[in-house]
Amino acid sequence: MILYDAHHLPECYAVRLFAALVGAPLTLVPVDVYPGHEHRSDDFLARNPLGTLPVLVDGDTVWTDWQEMLAALALRHDAAWFPAHDPALIGWLGMARDLAASLGLARLIDTFGAPGDAAAARAHADVLLDEIERRRWFGERAGKVWVMPQAHPTIADVAVFVFIALCEDAGLSLRDRPALRRWIDRVRFAPGFIAMSGVFPPMANVTR
Amino acid sequence: MARFARTIAHTPGCPKKRNRAAAKTRWTLRRGGLATAAMTAIDPIVWNDWHPVAARCTLDPARAHTTVLLNQPLTIAIDGAGTITARRDDGGALHQDERYGLVWVCLGTPDRPVLVIAEADEPDRPAVVVGAVAVRAAGPRVIENFLDLGHLGYVHAGYLGDDPHTRVLPYSVAALPQGGIIATGCRMYQPQASPAATEGFDVEYVYKVERALITCLYKSNPLHRDRFDVIYLFVQPVTETTSVAHPLLLCLPDGTTPQGLRAFQQTIFLQDKPILENQRPARLPLADGADTPIAADKSSVAYRRWLSAIGLTWGVIPAPAKAARAA
Ligand SMILES: [Fe+2]
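Please read these numbers as outputs of a predicted model, since none were measured by experiment.

1. Re the overall build of chain B
Here's step 1: Of the regular secondary structure elements, chain B holds 8 helices and 16 strands.
Here's step 2: Taking all 327 residues of chain B together, the buried fraction comes to 51%.
Here's step 3: Sequence-distant contacts in chain B: of pairs separated by 6 or more residues, those separated by 24 or more amount to 61%.
Here's step 4: Taken as a whole, chain B presents about 14,500 Å² of accessible surface, with 56% of it coming from carbon and sulfur.

In structure tokens, the structure reads:
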């Protein structure tokens, strides 16, 4: 499978990370989104008229939605990551999209000079982080170590992790969110985990 | 040079009215002058120097770019013909230039041009703007991190260093005749020194700091090991504790595309970002012994001493006794 990739975008990292977790080999094609605007080029728009990253290609099949990519990779490699029978999965994937529109946006504004209202985006993200911390804190007390009730981690963990792990780039902190910090470490220690710039690998000197 | 700049900044203009047209012109200048006087808190060394504020390639005619330089909000616009105009949001005066694909602004009275980079004129070195990255750290902290050989094997493990090759061998540091410092004879084993490297090798480095917020390194190119790639880091001082890093690559052709070079350098810089943002105190302490230096930190010690000697106050915690002696 070929992944058209931008190294700094959480949505692209989610697919790279999940492919590594389930052992799916990917061929990465870097797209110079910043500062090159390559995603607005005719070549790229021919591949994905939405002009968004990532894009996953397998023969004639093209995926342009990063969450759909996670589901597709899970179905192909390890369906335990994709509990489709549980409605909570819809809620958590929606939460990840809300994080993209708030935390992810604040990060793009603050770090890469994208247009938008960083303070408003950050305020929304702050509310979401508080709510996820609350759910995690009660979840831990009920013996649930992942965001979904399942004993196995799910694509929902990956989908929210890639934003929360980069929250400092958006001017947010996990200092007062201990349950989130413990869950972040749990994801980082998952077998096959890979980092991206700004996300620390489980041990100081281990990469890829 | 630094003392000269300070004299200019502390001498407010005293315009005398002669005729209406001249008075109007002077009014503009005077507004700039008054704003300067009101900004006496801003270090004249940075106030009277040139700083990058945007890259031409990221400017969009449909939408002006907003940024902040030395606490002053700026708007940078480009029109359909490619003409770039930088303005202070408070209407104050500024000086504008364009070099190396970047827009440069001086808010005070420039006493020298934008830094001249000889390598930028070498025909086989295309200048590649990497893409600005904002970082919640003081400008001098960003420069010091760039000079630090000791972190390569840890923060950039797998790329610019690797366990167990983390030892920093002795190197020399000297003063540059025009001001600033140069570190030579730095060597580091690097598994992936650049996108073109196909194997690890002992990379030779030279570091220079030519201005308070400009640094560069020369490192062996994996294909032309007798010539050097040049990487500049220009730091735009936003507030005393926030900055925008503008890296510029002047690399020899080795088959790497500009896209590949950019992705590699962004990956490296974004690895430094969380380290920089968690350093305390936020401003770089210049007092000897404020941090505990080891031999590997020789260039950092030299940088801090040079900043002390020129009397920089922006983004640093000055060393009281030393600053008095240097002045
Ligand atoms: Fe670094």
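Now that the structure has been shown, we can carry on.
2. Focus on the interface of chain B and chain A
Here's step 1: Of the residues lining the interface, 29 residues belong to chain B; the matching set on chain A comes to 24 residues.
Here's step 2: Together, the buried faces of chain B and chain A total about 2,300 Å²; carbon and sulfur atoms form 47% of this surface.
Here's step 3: In this structure, the connection of chain B to chain A is made through 3 salt bridges.
Here's step 4: The partner of A:Asp32 in a salt bridge is B:Arg262, and the shortest N-O contact between them spans 2.6 Å.
Here's step 5: At the boundary of chain B with chain A, the tally comes to 12 residue pairs in polar contact (both at pLDDT 80 or more).

3. What to know about the side chain of B:Asn145
Here's step 1: Secondary-structure assignment places B:Asn145 in helix α4 (residues 139-147).
Here's step 2: Residues within four places of B:Asn145 in sequence aside, it is in contact with B:His151, B:Asp272 and B:Leu276.

4. Examining the pattern of salt bridges
Here's step 1: Tallying each qualifying case throughout the model produces 26 salt bridges over all chains.
Here's step 2: Here B:Lys273 and A:Asp169 are joined by a salt bridge, their closest N and O atoms 2.5 Å apart. With B:Lys273 in helix α6 (residues 258-277) and A:Asp169 in the loop between α6 (155-164) and α7 (178-188), this residue pair bridges two chains. Of the two residues examined, B:Lys273 and A:Asp169, each falls in the buried class.

5. Remarks on the coordination of the iron ion
Residues and elements named next belong to chain B.
Here's step 1: At 2.0 to 2.3 Å from the iron ion lie its protein donor atoms, namely His151 (NE2), His156 (NE2), Asp272 (OD) and Asp272 (OD).
Here's step 2: The coordination sphere of the iron ion comprises 4 donor atoms, whose angles at the metal cover 59 to 150°; the geometry is irregular.
Here's step 3: Written as a sequence motif, the donor arrangement for the iron ion is H-x4-H-x115-D. Remark: Asp272 occurs in helix α6 and His151 occurs in the loop between α4 and α5 (152-155); sequence separation between them is 121 residues.
Here's step 4: With relative accessibility at 9%, the residue His151 sits in the buried group.

6. Comments concerning the pairing of strand β3 (residues 72-78) of chain B
Residues and elements named next belong to chain B.
Here's step 1: Residues Gln72, Leu74, Ile76 and Ile78 of β3 are buried on one face, while the alternating residues Pro73, Thr75 and Ala77, pointing to the opposite face, are not.
Here's step 2: Direction of pairing for strand β2 (residues 65-69) relative to β3: antiparallel, over a ladder of 5 bridges. Residue His65 lies in a different strand from β3, and its bridge partner there is Ile76.
Here's step 3: Linking β2 to β3, which pair antiparallel, is a turn of 2 residues; within it Leu70 sits at a positive phi near 50°.

Criteria and thresholds
- Residues numbered from 1 in each chain as written.
- Chains lettered and ligands numbered in written order.
- Predicted model: local features only at pLDDT ≥ 70, side-chain atom pairs only at ≥ 80, totals over all residues.
- Heavy atoms only, no water.
- Helix = DSSP H or I, 4+ residues; strand = E, 2+ residues; numbered from the N terminus.
- Buried < 20%, exposed > 50% of the residue type's maximum accessible area, 1.4 Å probe, protein only.
- Contact = heavy atoms within 4.5 Å.
- Areas by Shrake-Rupley, 256 points an atom, 1.4 Å probe, with all protein chains shown as cover.
- Buried area = accessible area lost by both parts, 1.4 Å probe.
- Salt bridge = Lys/Arg side-chain N within 4 Å of Asp/Glu carboxyl O.
- Polar contact = N/O pair within 3.5 Å; in protein donor to acceptor, adjacent residues only side chain to side chain.
- Donors = N, O, S within 2.8 Å, 3.2 Å for Na, K, Ca; no water.
- Tetrahedral: all angles 85-135°; square planar, octahedral: opposite > 155°, others 65-115°.
- Pairing = 2+ DSSP bridges.

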